[in-house]
Amino acid sequence: MDGTLDHVMIRVEDLEESLDWYQTHLNYEEKGRWEADTFTNVFLGPEDVHEDGALLELTYNHDGRTYEIGDAWGHIAVRVPEDALQESYDQLMAEGVEDYRDPESCGNRYAFVTDPDGHEIEIVKRDHGAKWSIDHTMIRVEDADEALGYWTRKFEYTEVPGRWEADSFSNYFVAPEDAPDEAIKVELTYNYDGREYTMGDGWGHVAVRVDDLDDAWDDLMTREAPDYRDPASCDHNYAFTKDQDGHEVELVTRD
């Protein structure tokens, strides 16, 4: 399978407010839209997103439901140039974005803001990729060995540079072996205190790009991935499995 991450999905309570936020503050543009009877999906990204870069999917359900963010999903991280962290954060503050974690409070290595629904967005310094393009998505895991094994065995990912082992937690980054720098990674965060996490429903899934949906699904079943929503149940348009902690992983094909 290709294995490159295609998009990250989050659920929003006010589609127009969310679209305005991402288009105004991150300069995203609409890349695609799917209107159904009960929901709308909108795909966003920078104008010059790399062909292997990931998009952000906003899912809006028409029934007016509200969501719980939970803590099993952490954040998405967006890129700014190496020398532009403070400048970029100041720009967001001037535009009225909520002051969540400024660069100084993060050792001038990164910063955080939140979108209208409370999804955390990390700002990271990178010398590659379009400004505001997605660099990684972070999920929290209850067993680091199981999580690393899941992505290695199920999706043929490898650990890539970025590991950070602190006194109370570790971060591990995984991606397809040959993925370009502009593709996004999965950050696995493992806290040493044995805590458990609440999945919530404000975050939806990560989507993995595959060459052939049925072949990829068969590989996952051979590798003992959870059979959550198989291709037949999704009209052979996509499929879903889950990781060891219950984070949903979608399989999609992309021309």
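Residues numbered from 1 in each chain as written. Predicted model: local features only at pLDDT ≥ 70, side-chain atom pairs only at ≥ 80, totals over all residues. Heavy atoms only, no water.

Naming follows an unreviewed UniProt entry, where the protein appears as Glyoxalase/bleomycin resistance protein/dioxygenase of Halorubrum distributum JCM 13916.

(A) Representation of the packing of aromatic side chains. Evaluation of the coordinates by the stated rule reveals 15 aromatic pairs. On the numbers, 6.2 Å between centres and 10 degrees between planes, the contact of tryptophan 73 with tryptophan 203 is stacked. Here tryptophan 203 lies in strand 12 (residues 203–210) and tryptophan 73 lies in strand 5 (residues 73–80), a separation of 130 residues in the sequence. Residues tryptophan 73 and tryptophan 203 agree in their burial class; the two are buried. (Phe/Tyr/Trp six-rings, centres within 6.5 Å; stacked < 30°, edge-to-face > 60°. Helix = DSSP H or I, 4+ residues; strand = E, 2+ residues; numbered from the N terminus. Buried < 20%, exposed > 50% of the residue type's maximum accessible area, 1.4 Å probe, protein only.)

(B) How the structure looks around the sheet that holds strand 9 (residues 157–165). Strand order in the open sheet formed by 7 strands is 6-7-5-8-11-10-9, and the pairing between neighbours is mixed. Unpaired on one side and paired on the other, strand 6 (110–114) and strand 9 mark the two borders of the sheet. This sheet shows a mean twist of 25 degrees between the axes of neighbouring strands, independent of strand direction. Two strands pair when backbone bridges link them, and strand 10 (residues 169–176) and strand 11 (residues 185–191) are joined in this way by 6 bridges, in the antiparallel orientation. When the bridges of strand 11 are listed, phenylalanine 173 appears paired with glutamate 187. Packed onto the sheet, helix 2 (residues 85–94) meets strand 5, strand 6 and strand 7 (120–125) and runs at close to 20 degrees relative to strand 6. Packed onto the sheet, helix 3 (residues 144–155) meets strand 8 (134–141), strand 9, strand 10 and strand 11 and runs at close to 160 degrees relative to strand 11. (Pairing = 2+ DSSP bridges. Axes fitted to C-alpha atoms, helices over the stretch in contact; angles between N-to-C directions. Contact = heavy atoms within 4.5 Å.)

(C) Here's a closer look at the pattern of salt bridges. Under the defined criterion, the tally for this structure stands at 13 salt bridges. Note that glutamate 35 is salt-bridged to arginine 33, the shortest N-O span being 3.0 Å. Taking relative accessible area as the criterion, glutamate 35 reaches 48% and is therefore assigned partly exposed. Linked by salt bridges that have partners in common, Asp6, Asp52 and Arg209 make up one network. (Salt bridge = Lys/Arg side-chain N within 4 Å of Asp/Glu carboxyl O.)

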